Amino acid sequence: MVRIVTDSGAHLPTELFQEYGITVVPLVVNMGGRTYYEGEDLDLETFYQYLRTSPALPTTSQPPVGRFYEVYRQFSEAGDPIVSIHLSSALSGTYATAVAAREMLPEAEIHVVDTRLISVPQGILVLEAARMARAGATVREILGRLEFMKAHTVFYFILDTLEYLAKGGRVSNIQALVGNLLQLKPILKLHEGRIEAHERVRTTQRARARLQELIREYAQGRRDLRIGVMHTRLPEVAEEIARALREELRPTEIFIAEAGPAVATHAGPGGLGLACYGEPASGIS
């Protein structure tokens, strides 16, 4: 059977990772002079306590190459092909590290995928790959499906402040300052693997409503909708939005996932994102 590997930048409910036997290689979070592996020795409560009380922002990095190597070695020694699915190479060195680990095992069948995504849309692709693998799909079928899906997946999100993105180098300090001074709420999106501003609105309430509108607009004429709701410390808001989209769009699947510390370092608390994939009807690009 094809083995599915990803990194902890992919957000899904924990039970889905477990149910489908998805191997998650943890991203690294550095804080307080210590190195932590997301999901192994760093929980969200500890992380947010540090974020609230420390003047120094945590830093993040890709997993060590040895973590990928060990996972790949174990599966390849069992004779299993591997599809390893990772967050955007434009945002992290994780993809490059996975490729380096693959090159250390030249006899193994290891396929490393740059999703050009992160968080719940990455999770949507990982889950599809795992379901296909369980159903007996070939590596070629899984890779072809992933290429198609990542070209038809959208992700829009809002943050309570751009301060954390700016400190992490994901947006400029000028952008963050202008947004805060004008009290604008930028709606951000992933475009070609990078974070870009999509539009700006005046209030958080309007921004949350606009996120849902963008997903409705995308969903028009599409079928088999898969929706992911990402949040950072907004469980009630995420539940309410998921309920509304479930009732209105009747998606095949909708799930909620709280971002882990590696993504939350750059998003900060109060973030909300919506991802959607839908099978395009004829004429939809």
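Residues numbered from 1 in each chain as written. Predicted model: local features only at pLDDT ≥ 70, side-chain atom pairs only at ≥ 80, totals over all residues. Heavy atoms only, no water.

## Let's talk about the sheet that holds strand β10 (residues 194–201)
Put simply, the test is: Strands are treated as partners if at least two bridges between them are detected by DSSP. A run of DSSP states H or I qualifies as a helix once it reaches four residues; a run of E qualifies as a strand once it reaches two. Both are numbered from the N-terminal end. Helix axes are fitted to C-alpha atoms over the stretch in contact, other axes to C-alpha atoms as well, and angles between N-to-C directions run from 0 to 180 degrees. Note on contacts: a residue pair is in contact if any heavy atoms of the two residues lie within 4.5 Å.
Read across the sheet, six strands follow the order β10-β9-β8-β13-β11-β12 without closing on themselves; strand pairing throughout is mixed. Of all the strands in the sheet, the pair left with one neighbour each is β10 and β12 (253–258). For this sheet, the mean inter-axis angle between neighbouring strands, taken without regard to orientation, is 20°. Relative to strand β13 (residues 272–279), strand β8 (residues 153–158) is paired through six bridges, and the arrangement is antiparallel. Each residue of the ladder has a partner; that of Phe155, found in β13, is Ala275. Together, β8, β11 (223–231), β12 and β13 form the strand contacts of helix α5 (residues 120–134), whose direction differs from that of β11 by roughly 130°.

## Brief notes about the packing of helix α9 (residues 204–219) against helix α10 (residues 235–249)
Stated formally: For classification purposes, angles smaller than 35 degrees are called roughly parallel, those larger than 145 roughly antiparallel, those between 65 and 115 roughly perpendicular, and all remaining angles oblique. Working rule for handedness: look at the near helix, and if it is turned counterclockwise from the far one by less than a right angle, call the crossing left-handed; if clockwise, right-handed. Gly is put with the polar residues, along with every residue not named as nonpolar or charged; the nonpolar set is Ala, Val, Leu, Ile, Met, Phe, Trp, Tyr, Cys and Pro, and the charged set is Asp, Glu, Lys and Arg.
Look at α9 against α10: their axes get within 11 Å of each other, and the N-to-C directions meet at 30°. Looking at the two axes, α9 sits roughly parallel to α10. Considering how the two elements wind past one another, α9 and α10 form a crossing that is right-handed. Contacts between α9 and α10 involve Arg208, Gln212, Ile215, Arg216 and Ala219 from the first element and Val237, Ile241, Ala244, Leu245, Glu248 and Leu249 from the second. Its residues assigned to classes, the contact of α9 with α10 shows seven nonpolar, one polar and three charged.

## A few points about the environment of Asp7
Our working definition: A simple rule labels every residue: compare its accessible area, found with a 1.4 Å probe on the protein chains alone, to the largest value its type can have, and call it buried under 20%, exposed over 50%, or partly exposed in between.
One can find Asp7 in strand β1 (residues 3–7). Assessed through its relative accessible area of 0%, Asp7 is described here as buried. Considering only alpha carbons, one finds Asp7 and Ser84, 77 residues apart in sequence, at a separation of 8.6 Å. In contact with Asp7, other than residues within four places in its own chain, are Val24, Val25, Leu27, Ile85, His86, Leu87, Thr94 and Gln122.

## Topic: the packing of aromatic side chains
Formally: What counts as a ring pair is set by centres within 6.5 Å for rings of Phe, Tyr and Trp (its six-membered ring), and what kind of pair is set by the plane angle: stacked under 30 degrees, edge-to-face over 60, tilted for all other angles. Any Lys NZ or Arg CZ found within 6 Å of a ring centre and within 35 degrees of that ring's normal is scored as a charge over the ring.
Scanning the model with the defined rule gives three aromatic pairs in all. With 5.0 Å between their ring centres and 75° between their planes, Phe47 and Tyr48 make a pair best called edge-to-face. Both residues of the pair, Phe47 and Tyr48, count as buried. Between Phe68 and Tyr72 the ring centres are 5.9 Å apart and the planes differ by 35°, which places this aromatic pair in the tilted class. With Phe68 and Tyr72 both in helix α3 (residues 65–77), this residue pair falls four residues apart, about one helical turn. In terms of burial, Phe68 and Tyr72 fall into one category: buried. Residue placement shows Arg67 over the ring face of Tyr37; its charged tip is 4.8 Å from the ring centre.

Functional significance is not addressed by these values, which are geometric in nature.
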